[in-house]
Amino acid sequence: MIDPRKIRRVALLAARIKRLRINVDNEENLHELAEAAKLAGATIEVLVEININHNRTGVAPDEALPLARVAHELELAGAGVKFVGIAGYEGHTPVLPPADKTRETLASHAKLAAARRAIEDAGIAVGVVSGGGSSNYPDCLAAGIITELQAGGGALTDALYYHKANLANHGHRIGAFIVTQVIGVSNQGTHAMADAGFKSVGWHPFGGLPLVLDRPDLEVQGLSAEHLKLKPANPDLPIQLKRGDKVYTRTHLLLHRHMARASLTRWWCLARSAGRGSGILGCDLDAAPQHLRSAQRHRARRVAHPRRGLPRLGRHLGSSRRALRGRNQSVLFHI
Ligand SMILES: Cc1ncc(COP(=O)(O)O)c(C=O)c1O
């Protein structure tokens, strides 16, 4: 966080909430945060971020102690920040083959452990060691070095986490899919076009194209902004689709800014896309862990505002439910 306006805003926020924590990897930035927090009458908790081989942000491991010392001294001087620990992220590991992922995660965590030792040897307590993500949390738990896991996306286990990040092997189920409607089929039966492109479905360089659910005879051939192109898995056969058919595809949850649950005849998961493409985002809520379900229930209350949520919800749920009749999954919202 470097923009002065953002720093001021975050300091004001820190004054209003119980605890606010920020990663820092720069001494000047630490002073800026401290100054703004002091002015706002707040305390910002800081974690010294360490580069643990991702090579994105973070100080080198041997620079962690000097920065932790500055944070600790500011804390002792009552300057608006409090040193609480260290953080790192192994962002180079998510789609590595499992054995490589384990090895790389352990190597990264060894750096966190060494930095922790160095800081504690200097007499500064390290309360938090933060790291990891959805893609490597089993390795993180096995290593036992971090005290806080920075996982998020795996809660719904979209196609990227399930297939490419290998959560399929750790008991996860896919919790998110898109329902798209066929709007045209080529006369030769070579392909069909459906109404959800990358603005709805998402696309991730690691994740590849979405996959069709329950239809081994179909493959996604490509995506444009608003359209998804389907082809038969066997090129010698004509595509078995007609205009109006619904196709369920696994997706990446990259574009969906709001997500909530609301109750009609059962729990529904609703989402709106920042990209505003068409298509419907669905989520098999049974696949979501309990804490996520509670969060969604909380959000559902928020979207239930008359002008913001339910009218749109009501309008779309009827067609969504018809689209899913006979299916054993929960859903949806046109996006
Ligand atoms: C700093 C940091 N920690 C953890 C993660 C892992 O997040 P997720 O569990 O959503 O994959 C990310 C992902 O981008 C990240 O940038």
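Above this text sits the structure in question.
To keep things clear, this report deals only with the structure shown in the data block. Residue numbering note: each chain is counted from 1, following its sequence as written. Predicted model: local features are reported for residues with pLDDT of at least 70 only, side-chain atom pairs are reported and counted for 80 or more only, and whole-chain, interface and lining totals are derived from all residues.

So, on to the sheet that holds strand β5 (residues 148-149). Whenever strands of a sheet pair, they do so through backbone hydrogen bonds, lying parallel or antiparallel. Ordered in space as β1-β2-β3-β4-β5, the five strands form an open sheet in which the pairing is parallel. Of all the strands in the sheet, the pair left with one neighbour each is β1 (21-24) and β5. In this structure, strand β2 (residues 44-49) lies alongside strand β3 (residues 81-87), joined through six bridges in parallel fashion. For I44, the partnering residue across the bridge sits in β3 and is V81. Across the face of the sheet, helix α4 (residues 98-121) comes into contact with β3 and β4 (128-131) while running at roughly 160 degrees to β4. When DSSP finds two or more bridges between two strands, those strands count as paired. Helix numbers and strand numbers start at the N terminus; a helix is a DSSP run of H or I with at least 4 residues, a strand a run of E with at least 2. Any two residues are considered in contact once their C-beta atoms, placed from the backbone, lie within 7 Å. The axes are straight lines fitted to the C-alpha atoms, using for helices just the contacting stretch, and the angles between their N-to-C directions are given from 0 to 180°.

For helix α1 (residues 4-16), with 13 residues, the first-to-last C-alpha span of 19 Å sits near the 18 Å given by 1.5 Å per residue. Along α1, the positions that sit buried rather than exposed are I7, V10, A11 and A14. Down the axis of α1, the smallest arc covering the buried residues is 105 degrees, so these residues share one side. Along α1, the residues that are exposed and aim more than 90 degrees away from the buried face are R5 and R16. On its buried side, α1 packs onto α2 (27-40) and β2. Helix span is expected to be 1.5 Å times the residue number reduced by one. Any residue whose C-beta has 12 or fewer other C-beta atoms within 10 Å is treated as exposed, any with 20 or more as buried, and any in between as partly exposed, C-beta atoms being built from the backbone. Throughout, the arc means that of the directions going from the helix axis to the C-beta atoms.

Moving on to the packing of helix α3 (residues 64-76) against α4. Between α3 and α4, whose axes approach to 9 Å, the crossing angle comes to 45 degrees. Here α4 runs oblique to α3, going by the angle between their axes. Here the hand of the crossing between α3 and α4 comes out right-handed. From α3, A64, L65 and A68 reach across to α4, where they touch A115, A118 and I119. Throughout, the term roughly parallel applies to angles under 35 degrees, roughly antiparallel to angles over 145, roughly perpendicular to angles from 65 to 115, and oblique to all others. By convention the crossing between two helices is left-handed if the near helix lies anticlockwise of the far one by an angle smaller than a right angle, and right-handed if it lies clockwise.

Here the focus is the environment of V247. Tracing the sequence through the fold places V247 in strand β10 (residues 246-250). Judged by the 24 C-beta atoms lying within 10 Å of it, V247 is buried.

Here the focus is α3. Residues that lie three or four places apart on an α-helix share one face, since the helix turns once every 3.6 residues. Taking 1.5 Å per residue as the helical rise, α3 with its 13 residues ought to reach 18 Å, and the 18 Å between its terminal C-alpha atoms agrees with that figure. Buried within α3 are the following residues: A64, L65, L67, A68, A71, H72 and L74. In this structure, the buried residues of α3 make contact with α2, β2, β3 and α4. Immediately beyond the C-terminal end of α3, within one or two residues, lies G78, with a positive phi of roughly 70 degrees.

Pairs of packed helices are described in terms of their axes, by the angle between the two and the distance that separates them. Between α1 and α2, whose axes approach to 8 Å, the crossing angle comes to 50 degrees. The angle between the axes of α1 and α2 places the two elements in the oblique class. You can see that α1 and α2 cross each other, and the crossing is right-handed. Residue-level inspection shows I7, R8, A11, L12, A14 and A15 of α1 in contact with α2, the latter providing E32, L33, A36, A37, L39 and A40. Along the lines of polarity and charge, the residues of the contact of α1 with α2 split into ten nonpolar, no polar and two charged. Residues are grouped as follows: Ala, Val, Leu, Ile, Met, Phe, Trp, Tyr, Cys and Pro are nonpolar; Asp, Glu, Lys and Arg are charged; all remaining types, including Gly, are polar.

To continue, consider unusual backbone geometry. One non-glycine residue with positive phi stands out, namely N53, at about 90 degrees. Mapping N53 onto the fold places it in the loop between β2 and α3. By the C-beta count within 10 Å, which is 19 here, N53 ends up partly exposed. The backbone phi angle of N55 is positive, close to 55 degrees, even though this residue is not glycine. Summarising the element assignment, N55 is placed in the loop between β2 and α3.

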